[in-house]
Amino acid sequence: MRSSVLVLQAQSRMRALFLGLMLLTALGTWPALLRAQTLPDFTELVERVGPAVVNIRTMERSRQAMAGGGGAEIDPNVEEFFRRFGIPLPGNPGQRRGPRGGDEEPSQRGVGSGFILSADGLIMTNAHVVDGADEVLVTLSDKREFKARIVGTDRRTDIAVVKVEATGLPFVKIGDSDRLKVGEWVVAIGSPFGLENTVTAGIVSAKQRDTGDYLPFIQTDVAINPGNSGGPLLNLKGEVVGINSQIFSRSGGYMGIAFAIPIADAMRVSDQLRTSGRVIRGRIGVQIAPVTKEVAESIGLGKPAGALVQNAEAGGPADKAGIEAGDIITKVDGKVVEKSGDLPRLIGSTKPGTKTTLQVFRRGSTKDITVTVAEFEADRPLRRTSDPGATPAPKGALGLSVADLNEVQKREMRLRGGVRVEAVDGAAARAGLREGDVILSMDNTEITDVKQFNQLAQKAEKAKAVSVLVRRGEAVNYLVIRPAR
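Described below are features of the structure shown in this document.

### Points about the pairing of strand β23 (residues 419–424)
Pairing of strand β22 (residues 400–404) with β23, which is carried by five bridges, proceeds in the antiparallel orientation. Along β23, the bridge assignment pairs Ala-403 with Arg-420. As defined by bridge partners, β23 adjoins strand β24 (residues 438–442) across two bridges and the pair is classed as antiparallel. Among the inter-strand pairings, Arg-420 is bridged to a residue of β24, identified as Val-438.

### Focus on helix α12 (residues 450–459)
For α12, the complete set of buried residues consists of Val-450, Gln-452, Phe-453, Asn-454 and Ala-457. Contacts made by the buried residues of α12 are with β22, β23, β24 and β25 (445–446). Put simply, Asp-449 is the residue that caps the front of α12, since its side-chain oxygen is 3.4 Å from the backbone nitrogen of Lys-451.

### Section: the side chain of Arg-345
Within the fold, Arg-345 resides in helix α9 (residues 342–348). Only 3.5 Å separates the side chain of Arg-345 from the backbone oxygen of Gly-341, close enough to count as a polar contact. Here Asp-342 takes part through its side chain, which lies 3.2 Å from a polar atom of the side chain of Arg-345.

### Considerations on unusual backbone geometry
With a phi angle near 75 degrees, Lys-143 is a residue other than glycine that sits in the positive phi range. Relative to the elements of secondary structure, Lys-143 occurs in the loop between β4 (135–139) and β5 (145–154). Positive phi is not limited to glycine here, since Arg-414 has a value of about 55 degrees.

### Description of the packing of aromatic side chains
Counted by the stated rule, this structure contains two aromatic pairs. When the ring of Phe-217 is compared with that of Phe-259, the centres are 6.3 Å apart and the planes differ by 75 degrees; the resulting orientation is edge-to-face. Here Phe-217 is found in strand β10 (residues 216–220), whereas its partner Phe-259 is found in strand β13 (residues 258–262), with 42 residues between them in sequence.

### Structural notes on helix α6 (residues 263–276)
Relative to the 20 Å expected for 14 residues at 1.5 Å per residue, α6 spans 20 Å between its end C-alpha atoms, a close match to the ideal helical length. All of the buried residues in α6 are Ile-263, Ala-264, Asp-265, Ala-266, Met-267, Val-269, Ser-270 and Leu-273. Once α6 ends, the next one or two residues include Gly-277, with phi positive near 80 degrees.

### Some points on the side chain of Arg-471
Considering the arrangement of structural elements, one finds Arg-471 in strand β26 (residues 466–472). A distance of 2.7 Å separates the side chain of Arg-471 from the backbone oxygen of Met-413, its partner in a polar contact. With sequence-adjacent residues up to four places away left out, Arg-471 is seen in contact with Met-413, Leu-415, Asp-437, Val-438, Leu-440 and Val-476.

### Observations concerning the nonpolar core
In this structure, Phe-115, Met-124, Ile-159, Ile-243, Ile-261, Ile-263 and Ala-266 are the most contacted members of the largest nonpolar core, which totals 27 residues. Secondary-structure elements contributing two or more residues to this core are α3 (43–49), β3 (122–125), β6 (159–163), β8 (185–190), β12 (239–247), β13 and α6. Listed in part, the 21 residues of the second largest apolar core include Val-402, Met-442, Val-470 and Leu-479.

### As for the pattern of salt bridges
Within this structure, the stated rule accounts for 24 salt bridges. Three or more residues are tied together by salt bridges with common partners; here these are Glu-324, Asp-327, Arg-362, Arg-363, Arg-416 and Glu-446.

Analysis parameters
- Residues numbered from 1 in each chain as written.
- Predicted model: local features only at pLDDT ≥ 70, side-chain atom pairs only at ≥ 80, totals over all residues.
- Heavy atoms only, no water.
- Pairing = 2+ DSSP bridges.
- Helix = DSSP H or I, 4+ residues; strand = E, 2+ residues; numbered from the N terminus.
- Buried < 20%, exposed > 50% of the residue type's maximum accessible area, 1.4 Å probe, protein only.
- Contact = heavy atoms within 4.5 Å.
- Polar contact = N/O pair within 3.5 Å; in protein donor to acceptor, adjacent residues only side chain to side chain.
- Phe/Tyr/Trp six-rings, centres within 6.5 Å; stacked < 30°, edge-to-face > 60°.
- Expected span 1.5 Å × (residues − 1).
- Core = buried A, V, L, I, M, F, W, Y, C linked by side-chain atoms within 4.5 Å.
- Salt bridge = Lys/Arg side-chain N within 4 Å of Asp/Glu carboxyl O.

Here it is in structure tokens:
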């Protein structure tokens, strides 16, 4: 009896729920509720932030006559498309000549976007938008146009700050890009192909994408095209969380993946540009590479982390401090170097002259080394060395024929030991070793000469992977040799 009552009660509830859903559908409320819960409304955001987004046109004066005389002019938006993605313009169309063969009026060379940082006319954009321009014209959403002055540019991070002489301008609110989450809705406003005040939306696809030396990019699926460069990426609060900068494309157009510079990094750069007109970075003078899982396991590092030092610049800060090729830098002042791209960002943000403690993994153990950070300068050209006249040694179990380095070669390459590869086949060839390589260590044991190398090679188990630290030219890397089983 009781079970029958419970069944009737459940059926009554189901009928009530069904009738309620039918009523909501009939009134048109249910679909609206679903839409409200799943899709955001961007209208208020765009109305509020849109006036602070600007169109940027750059002008240049023709430097020389167009080859062959005349020619049809090309639409500046199409020209920007070709220029931004590195597609050459045959004959440099669009250049105009004066009546005496000289340069005429400045011609438009590109279009881009930007956003106003302050009411007195400071504007942030991409460096590639204004790079090489003779004139920069900024157009607001209300169609007012200003000539802008370039305050400073930084090509390494692709950040630029320009200034227009105006007051009372609308400006954006800066958000926190560090708190941005994958899957979060974001909006882009810009001028794709010169179409001003265009709004596109999508989600954050990934964070910390390494597509540059000094910036971990935000990846989105927001539609970005030539002309969007320099425009803001906004969260649903209307705060700027990034600067739209790059796309991944096989065709030159949008293919579903776009990249934005995190606003936290951009603001640090812009602050320096505003105060000094340039960005001051730290450097320690090392060439680095990623640490693979295979290498990490073979040398006892555990997990693939840190930055492998391939070369320490002679006389540079790292060299003076005792950093060696083959070291793996795992920490900078206690901050973990998860991947090789973290190192230039951590060192680059360090003030030159600062003493920094690096934790390095060297031949099976870790040690702390103090380095005095220098100011960034142009990389020095790497000089290759040659070593004629080496005497081959018999091939060992690893498929290698090696020779000792003479004292002149050691002095030129700044080495204490090592052996030169004279011939290679079998397992060593499969691992990627080449004639001319210099083997510096094997399984964390430093190589002194051919005799020691052959002893270690003969002891290597046939079924065991052997890690060797190899110098090629001026760079070093780990290779893993797997003898035939």
